[in-house]
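Given next are the chains, with one letter for each unit.
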Amino acid sequence: MFLLWLAFCTSAHAAAAEIEIIPPPPIIGGEMTTLYTETETGPVVSPVSIVAPPEEKVLTVDVALWHSDLAGRIDSRGMSLGLADETSISAKNSGSLSAAWQFAENTRLQLDYFKFDHSGHINRAVKFDNLNYAAGTAIRVRNNLFEVGLAQTLSDNDEGSFRILCGARFSKLDTRIEQSFAAGVRAGELKQNIGMPYLGVEGASRLSANAGLTGSARFFDFDKNSEANRLSDFNLAFEFGRDYQSITADQEWYGVLGYRYFMLHDVSDANSSRVVYSGPTLGIRGKF
């Protein structure tokens, strides 16, 4: 009996020695873990890949070069002048800067700034502020525009996003004509500070792993006593870069190629100014 009991204990101890528990290796970077399954004959390794979701970027910055014509009309102090067909003003290159900061889960603060400085000559004689200016008089139209607004996200996933926009656009418009004489210079100038609210929409769609389409539209239209105050801003662009959905990075960089149309029409104090900027854009977009 004693020999049988001794043989049983020896067999049980040998079986237990065959089972070795190996602790799992530490997780590095939160991207890979290995699951161990213990059997009677030993551990079975079952590697399982767990890819961490990409970290959501809270700041987006766009820097772009905008090649734009100038169109529209200036009606002020007896002068009615078409900027596209009655002047020699040609297209100009200008920079634009935009930024978006997501300070809440579904809300973004958006900023936008650009300026243009177009110069040329008028093609016909005009009368401005009771003074006559001959054909060939120099004209210069400068405009600094700044926007601040909010974007509320309605949907956002791997396929695209959609937001509604609201905010205000501020413009500092300066139109100056100047004619030189032997005795001196005759000049007239119209300065306007314009502020307008707007509503709009913004969307993005994923076309492929390396390309997407983004677009936005802002609009305001208000007539008071037959005076038109309107704002239209349409921006459509292709976005191309790495496949950041599968290869995550702390910073994301994209190339942006698009087209932008902007129109501002303000009537105040018997002065009517309508300026239109339109043309292709090329830039870079960074997300942080």
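Residues numbered from 1 in each chain as written. Predicted model: local features only at pLDDT ≥ 70, side-chain atom pairs only at ≥ 80, totals over all residues. Heavy atoms only, no water.

### A short note on the overall build of the protein
On a plain count of helices and strands, the protein comes out with one helix and 15 strands. Counting only residues that meet the buried cut, the protein has 35% of its 288 residues in that class. Pairs at least 24 apart in sequence give 60% of the contacts found in the protein among residues at least 6 apart. Accessible surface, the protein as shown: approximately 16800 Å² in total, 60% of it carbon and sulfur. (Helix = DSSP H or I, 4+ residues; strand = E, 2+ residues; numbered from the N terminus. Buried < 20%, exposed > 50% of the residue type's maximum accessible area, 1.4 Å probe, protein only. Contact = heavy atoms within 4.5 Å. Areas by Shrake-Rupley, 256 points an atom, 1.4 Å probe, with all protein chains shown as cover.)

### Brief notes about the confidence of the model for the protein
The pLDDT averaged across the protein works out to 87; a share of 80% of its residues lies at or above 70. Low pLDDT, under 50, characterises residues 12-20; the stretch is placed with four contacts to residues that sit more than four places away or in other chains. Contacts for the low-pLDDT stretch residues 27-37, under 50 throughout, to residues beyond four places or in other chains number 29 contacts. (pLDDT = per-residue confidence, 0-100.)

### Structural notes on the environment of Ser 94
Mapped onto the secondary structure, Ser 94 falls in strand S5 (residues 92-102). For the pair Ser 94 and Leu 65, spaced 29 residues apart in the sequence, the C-alpha separation amounts to 5.8 Å. Setting aside its immediate chain neighbours within four residues, Ser 94 contacts Ala 64, Leu 65, Trp 66, Lys 115 and Phe 116.

### What to know about unusual backbone geometry
Excluding glycine, residues mostly have negative phi values, and the peptide bonds linking residues are mostly trans. The phi torsion at Asn 130 lies on the positive side, around 65 degrees, for a residue other than glycine. The topology assignment puts Asn 130 in the loop between strand S7 (126-128) and strand S8 (131-133). A relative accessible area of 65% places Asn 130 in the exposed class. Of note in this structure, Ala 270 is not a glycine but carries a positive phi near 65 degrees. Considering the arrangement of structural elements, one finds Ala 270 in the loop between strand S14 (252-268) and strand S15 (271-287).

### Overview of the pattern of salt bridges
Applying the stated criterion to the full structure yields 19 salt bridges. The closest approach of N and O atoms between Glu 189 and Arg 176, which form a salt bridge, is 3.5 Å. Of this pair, Glu 189 sits in strand S11 (residues 185-206) while Arg 176 is found in strand S10 (residues 160-180), placing the two residues 13 residues apart along the sequence. Residue Glu 189 is classed as partly exposed on the basis of its relative accessible area, which comes to 25%. (Salt bridge = Lys/Arg side-chain N within 4 Å of Asp/Glu carboxyl O.)

### Section: the nonpolar core
If you look at the biggest cluster of nonpolar residues, it comprises 30 residues, and the most contacted ones within it are Ile 139, Phe 262, Leu 264 and Tyr 277. Dropping the residues within four chain positions of it, Leu 264 is found in contact with Leu 145, Ser 171, Ile 194, Met 196, Arg 230, Leu 231, Ser 273, Arg 274 and Val 275. (Core = buried A, V, L, I, M, F, W, Y, C linked by side-chain atoms within 4.5 Å.)

### Side note on empty space enclosed by the protein
Applying the stated criterion across every chain, the model contains one cavity of 30 Å³ or more. Here the largest cavity is characterised by a volume of approximately 40 Å³. Ile 74, Ser 76, Met 79, Phe 128, Thr 175, Arg 176, Ile 177, Gly 188, Glu 189 and Leu 190 together form the lining of the largest cavity. Listing elements by their share of the lining of the largest cavity, those giving two or more residues are strand S3 (59-76), S10 and S11. In terms of residue class, the lining of the largest cavity is made up of five nonpolar, three polar and two charged. (1 Å grid on protein atoms, 1.4 Å probe; cavity = no way out; pocket = protein on both sides within 12 Å on 5 of 7 lines; lining within 4 Å. Points joined across faces, edges and corners; volume = space filled by probe spheres on them. Nonpolar A, V, L, I, M, F, W, Y, C, P; charged D, E, K, R; others polar.)

### Focus: the packing of aromatic side chains
To describe a pair of aromatic rings, one takes the distance between the centres and the angle between the planes. Applying the stated criterion to the full structure yields 12 aromatic pairs. A ring pair is formed by Phe 234 and Tyr 261, whose centres lie 6.3 Å apart and whose planes are at 35 degrees; its orientation type is tilted. Here Phe 234 is found in strand S13 (residues 227-241), whereas its partner Tyr 261 is found in strand S14, with 27 residues between them in sequence. Residue classification places Phe 234 among the partly exposed residues on the basis of a relative accessible area of 39%. A relative accessible area of 27% places Tyr 261 in the partly exposed class. Here a set of aromatic residues connected by ring pairs shows up, and it is made of Trp 66, Phe 114, Phe 116, Phe 262 and Tyr 277. (Phe/Tyr/Trp six-rings, centres within 6.5 Å; stacked < 30°, edge-to-face > 60°.)

### So, the pairing of strand S4 (residues 79-82)
Pairing of S3 with S4 involves four bridges; the strand directions are antiparallel. In the sheet register, Ile 74 faces S4, and the bridge partner there is Leu 81. In this structure, the hairpin formed by S3 and S4 is closed by a connection of two residues, where Arg 77 is found at a positive phi of approximately 50 degrees. (Pairing = 2+ DSSP bridges.)

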